[in-house]
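A structural walkthrough
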Amino acid sequence: VSRIALSLPGALYVEQLGLFNIPCDADVPELELRIGGKGYRVPGDELKIADDSRQYCFLSIGIMQFAKSDGNDDATDGVLEEEVVALKNAAGGPAVSSPIPLEFQRSTWLVGDVFLRTRYCIFDYEHERFGLAELKEDLKE
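**Some words on unusual backbone geometry**
One non-glycine residue, Arg54, lies in positive phi territory at about 60 degrees. Structurally, Arg54 is set in the loop between strand 5 (48–50) and strand 6 (57–59).

So this is what it looks like as structure tokens:
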């Protein structure tokens, strides 16, 4: 995510939001995600979100963070957060206690509405699989 954002001139990470602030006139390149060997494209213009004033724009791809404290957690959560940070720092990479298995931590993306709104999504809980299909053009927005 950082590599994509920092390829855009003027991009600046806003930690409080977990998003990159980008110039509203930035030309965001298309993104392709490969899932099950098939490429799924997201147009660059769909990867940019703006506030109501159109003065502030953000790359709609965020960085996943786990065990972030908002100050209202109990003592156990605070200790756990410290342990996660220590493990992450010691490993020089993603925290090993995240909900994502270690072998997938460097290649996992959590996709949301920007990706899913133009696709049919089929979830097969019984067989622990899912499928994706492109919407017909006349059904997209």
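**A few points about the confidence of the model for the chain**
Of the residues in the chain, 67% reach a pLDDT of 70 or more, and the chain-wide mean stands at 76. With pLDDT under 50 throughout, residues 73–78 is counted as low confidence; its partners more than four residues away or in other chains account for 1 contact.

**Focus on the pattern of salt bridges**
If you walk through the whole model with that rule in mind, you get 6 salt bridges. Between Arg41 and Glu32 there is a salt bridge whose closest N-O contact spans 3.6 Å. A salt bridge links Asp124 to Arg129, with the nearest nitrogen and oxygen atoms 3.0 Å apart. The class of Arg129 is exposed, set by a relative accessible area of 55%. Taken together, the shared-partner salt bridges in this structure form one network comprising Glu30, Glu32, Arg34 and Arg41.

**Some points on the layout of surface pockets**
By volume, the second largest pocket is sized at about 330 Å³. Of all the elements in the fold, those that place two or more residues in the lining of the second largest pocket are strand 3 (31–35), helix 3 (113–116), strand 7 (119–124) and strand 8 (129–134). Looking at which element gives the most residues to the lining of the second largest pocket, the answer is strand 3, with 4 residues. Grouping the constituent residues of the lining of the second largest pocket by class yields 11 nonpolar, no polar and 2 charged.

**Looking at the state of the cysteines**
Per the stated rule, a full pass over the model turns up 1 disulfide. Each sulfur in the disulfide pair Cys24 and Cys57 lies 2.1 Å from the other. Handedness here is read from the sign of the S-S torsion; for Cys24 and Cys57, about 105 degrees, the answer is right-handed. Taken together, the residues Cys24 in the loop between strand 2 (19–22) and strand 3 and Cys57 in strand 6 connect sequence positions 33 residues apart.

How each quantity is defined
Residues numbered from 1 in each chain as written. Predicted model: local features only at pLDDT ≥ 70, side-chain atom pairs only at ≥ 80, totals over all residues. Heavy atoms only, no water. Helix = DSSP H or I, 4+ residues; strand = E, 2+ residues; numbered from the N terminus. pLDDT = per-residue confidence, 0-100. Contact = heavy atoms within 4.5 Å. Salt bridge = Lys/Arg side-chain N within 4 Å of Asp/Glu carboxyl O. Buried < 20%, exposed > 50% of the residue type's maximum accessible area, 1.4 Å probe, protein only. 1 Å grid on protein atoms, 1.4 Å probe; cavity = no way out; pocket = protein on both sides within 12 Å on 5 of 7 lines; lining within 4 Å. Points joined across faces, edges and corners; volume = space filled by probe spheres on them. Nonpolar A, V, L, I, M, F, W, Y, C, P; charged D, E, K, R; others polar. Disulfide = S-S within 2.5 Å.

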